[in-house]
Amino acid sequence: MDNRLFFPATQRNRKSIKEVLSRILLTRGFILEIGSGSGEHGVVFQKYFPEITWQSSDPELIHRNSISSWIEHEELNLKMPQPLDINVEKIPWEIPSELLLSIQGIISINMIHIASWNCIRALFNESGKLLSNGKFLMLYGPFKIGNKHISQSNELFDNSLKMQNKSWGVRDLGEVSEEAAKNGFIEEQLIRMPAYNFSVIYRKISIKDSELCFKHF
Ligand SMILES: C[S@@+](CC[C@H](N)C(=O)[O-])C[C@H]1O[C@@H](n2cnc3c(N)ncnc32)[C@H](O)[C@@H]1O
């Protein structure tokens, strides 16, 4: 059965995200994607970076079914694993051992603004445990900078999120990076993306060093 879902934003942002990934991905190892949604990003990136293994995940069955259908549709069954059922708040995440052994980074695209702060804490906390020093966690999406929206469209979007769910909302980058630092991540790169979005690359270093770096900012 074809369970593919189509998320229009993935058509618009895949090219610019791919360019960022080209700069940070190593040539082998697993990428764990959190909140993969339809799975369209996963299959595109798996095809573009054939040396790595793209491990998608999502807590929603309808999304995992879509991801599986996309994998089949793109004839990636032999290359790309089936999606994992990961809800960031349900810890520890159940991760296959081969992924644990060769994970090079974790990516989450357009997820943290449609999740509660507890989810953000859990994302950094669990990622901090899974990733050894030198590995990365990349977030993509809209952020406030200095607690201010960078565009009117982001502000309207933030209001609409909060109307849907009080615990959702466009996050302040400083607050997110503070949470990251508590778990041993430094904000290594902040890349401005189209449509008032950012890619943020966090790098895992020792907790002691990350606290020093954060104070320095
Ligand atoms: C706006 S969609 C983005 C999907 C995809 N990354 C994209 O860019 O099209 C947010 C995704 O985050 C997932 N999500 C929501 N809460 C989550 C949680 N607590 N843990 C993991 N994923 C979550 C949703 O199921 C959904 O697939």
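Up top is the structure.
Read on for an overview of the structure. Nothing here was measured: the structure is a model prediction, and the numbers come from that model.

Reading guide: rules and limits
- Counting starts from 1 at the beginning of each chain's written sequence and moves along it residue by residue.
- With the structure being a predicted model, the display of local features is reserved for residues of pLDDT at least 70 and the display and counting of side-chain atom pairs for 80 or more, all residues being used for whole-chain, interface and lining totals.
- Helical segments are the DSSP runs of H or I of at least four residues, strand segments are the runs of E of at least two, and each set is numbered from the N terminus.
- Three exposure classes are used. Buried residues have 20 or more other C-beta atoms within 10 Å of their own C-beta, exposed residues have 12 or fewer, and partly exposed residues fall in between, all C-beta atoms being placed from the backbone.
- C-beta atoms are placed from the backbone for every residue, and two residues are taken to be in contact when these atoms lie within 7 Å.
- Strands are labelled as partners when DSSP assigns at least two bridges between them.
- Convention used here: a crossover is right-handed provided that the path from the first strand, over the helix, to the second strand proceeds clockwise when the strands point away from the viewer.
- As a rule, the C-alpha atoms of each element are fitted with a line to give its axis, helices using only the stretch in contact, and angles between N-to-C directions run from 0 to 180 degrees.
- Working rule for angles: under 35 degrees goes down as roughly parallel, over 145 as roughly antiparallel, 65 to 115 as roughly perpendicular, anything else as oblique.
- When the near helix sits turned anticlockwise from the far one by under a right angle, the crossing is termed left-handed; a clockwise turn instead gives a right-handed crossing.
- Note that Gly is not counted as nonpolar here; it falls among the polar residues with everything else outside the nonpolar set of Ala, Val, Leu, Ile, Met, Phe, Trp, Tyr, Cys and Pro and the charged set of Asp, Glu, Lys and Arg.
- When buried Ala, Val, Leu, Ile, Met, Phe, Trp, Tyr and Cys residues are joined through C-beta atoms within 7 Å, the set is termed a nonpolar core.

Across its full length, the protein chain holds eight helices and eight strands. Taken over the C-alpha atoms alone, the protein chain extends approximately 50 × 40 × 30 Å along its principal axes. Expressed as a percentage of its 217 residues, the buried residues of the protein chain come to 39%. Put simply, 72% of the contacts in the protein chain that link residues at least 6 apart link residues at least 24 apart.

A word on the pairing of strand β2 (residues 52–55). Burial along β2 is two-sided: I52 and W54 and T53 and Q55, pointing in opposite directions, are all buried. Sheet topology places strand β1 (residues 29–34) next to β2; four bridges connect them, and they run parallel. When the bridges of β2 are listed, F30 appears paired with T53. Where the polypeptide runs from β1 across helix α2 (residues 40–48) and back to β2, its parallel neighbour, the crossover connection is right-handed.

With that settled, the discussion passes to the packing of helix α5 (residues 117–130) against helix α7 (residues 173–182). Viewed as axis vectors pointing N to C, α5 and α7 meet at an angle of 40°, and their least axial separation amounts to 8 Å. One way to sum up the angle between α5 and α7 is to call them oblique. The crossing of α5 and α7 is right-handed. Contact residues: I120, R121 and F124 in α5; V176, E179 and A180 in α7. Classifying every residue of the contact of α5 with α7 by side-chain character gives four nonpolar, no polar and two charged.

As a packed pair, helix α1 (residues 8–24) and α2 sit with axes 10 Å apart at the nearest point and diverge in direction by 40°. Accordingly, the angle class assigned to the pair α1 and α2 is oblique. For the pair α1 and α2, the crossing hand works out as right-handed. Across the interface between the two elements, T10, R14, K18 and L21 of α1 pack against E40, H41, V44, F45 and Y48 of α2. When its residues are assigned to classes, the contact of α1 with α2 shows four nonpolar, two polar and three charged.

What follows is about the nonpolar core. I34, I120, L137, M138, F185 and Y202 are the most contacted members of the largest nonpolar core, which has 47 residues in total. Among the elements that line this core, the one with the most residues is strand β4 (residues 136–141), at five residues. In contact with I120, not counting residues within four places along its chain, are I112, A115, V176 and E179.

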